[in-house]
Amino acid sequence: MNLLEEYSYIWQTDKDKYVLLRDELGNSILFIKGKEIMFFLIEDDALHELIISKMMEHGNKIYNSIAEIQKDIGISVNVS
């Protein structure tokens, strides 16, 4: 099994838990579990880009900010 296939759950069975954050730093993969938002680190840059391509191809959600994700999953953010 190749490395890309090992991560296929990201855009198949767990598609609703893995999202993309597209910001000024580029694309990041995030894992959402309940009200927790965690970065999903892939150390191999080429594999990271392939996974992002597959996520986009299969319609994983794409966000432009952490605040947008927080609003979508129901986390209230108070800014003072």
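Residues numbered from 1 in each chain as written. Predicted model: local features only at pLDDT ≥ 70, side-chain atom pairs only at ≥ 80, totals over all residues. Heavy atoms only, no water.

1. Looking at the nonpolar core
Next, step 1: Grouped together as the largest cluster of nonpolar side chains are 13 residues, with contacts concentrated most on Ile10, Tyr18, Ile29, Phe40, Ile42, Ile51 and Met55.
Next, step 2: The set of elements that each furnish at least two residues to this core consists of β1 (18-23), β2 (26-33) and α2 (45-57).
Next, step 3: For this core, the element with the most residues is α2, which contributes 4 residues.
Next, step 4: Excluding its chain neighbours within four sequence positions, the residues that come into contact with Ile10 are Lys15, Tyr18, Phe40, Ile51, Met55 and Asn60.
Next, step 5: The next biggest cluster of nonpolar side chains, apart from the first, holds 7 residues, and it includes Val19, Leu30, Tyr63 and Ile73. (Core = buried A, V, L, I, M, F, W, Y, C linked by side-chain atoms within 4.5 Å. Buried < 20%, exposed > 50% of the residue type's maximum accessible area, 1.4 Å probe, protein only. Helix = DSSP H or I, 4+ residues; strand = E, 2+ residues; numbered from the N terminus. Contact = heavy atoms within 4.5 Å.)

2. Comments concerning α2
Next, step 1: In a regular helix each residue adds 1.5 Å, so 13 residues correspond to 18 Å; α2 covers 18 Å between its end C-alpha atoms and thus fits that length.
Next, step 2: Residues Leu47, His48, Ile51, Ile52 and Met55 constitute the buried set of α2. All buried residues of α2 lie within an arc of 140 degrees about the axis, which places them on one face of the element. Facing away from the buried surface of α2 by more than 90 degrees, the exposed residues are Ala46 and Glu57.
Next, step 3: In the core, the buried residues of α2 are packed alongside α1 (3-6), β1 and β2.
Next, step 4: The N-capping residue of α2, defined by a side-chain oxygen 3.0 Å from the backbone nitrogen of Ala46, is Asp44.
Next, step 5: At the exit of α2 stands Gly59, carrying a positive phi of roughly 80 degrees. (Expected span 1.5 Å × (residues − 1). Arc of directions from axis to C-beta. Polar contact = N/O pair within 3.5 Å; in protein donor to acceptor, adjacent residues only side chain to side chain.)

3. Some points on the pairing of strand β3 (residues 36-39)
Next, step 1: Pairing between β2 and β3: 4 bridges, direction antiparallel. Pairing of Phe31 across the sheet is with Met38, part of β3. (Pairing = 2+ DSSP bridges.)

4. Notes on the environment of Tyr63
Next, step 1: Relative to the helices and strands, Tyr63 is located in strand β4 (residues 62-63).
Next, step 2: Residue class for Tyr63 comes out buried when judged on its relative accessible area of 5%.
Next, step 3: Contacts of Tyr63, omitting those with residues within four sequence positions, involve Val19, Leu20, Leu21, Arg22, Glu68, Ile69 and Asp72.

5. Let's talk about the side chain of His48
Next, step 1: Within the fold, His48 resides in helix α2.
Next, step 2: Look at His48 and you get buried, because its relative accessible area is 14%.
Next, step 3: Sequence-distant contacts of His48, defined by excluding residues within four places in its chain, comprise Asn27, Ile29 and Ile42.

6. Notes on the sheet that holds β4
Next, step 1: Strand order in this open sheet of 4 strands is β3-β2-β1-β4, and the pairing throughout is mixed. In the strand order of this sheet, the two ends are held by β3 and β4, each with one partner.
Next, step 2: Across the sheet, helix α3 (residues 66-73) touches β1, β2, β3 and β4, and the angle it forms with β2 is around 25 degrees. (Axes fitted to C-alpha atoms, helices over the stretch in contact; angles between N-to-C directions.)

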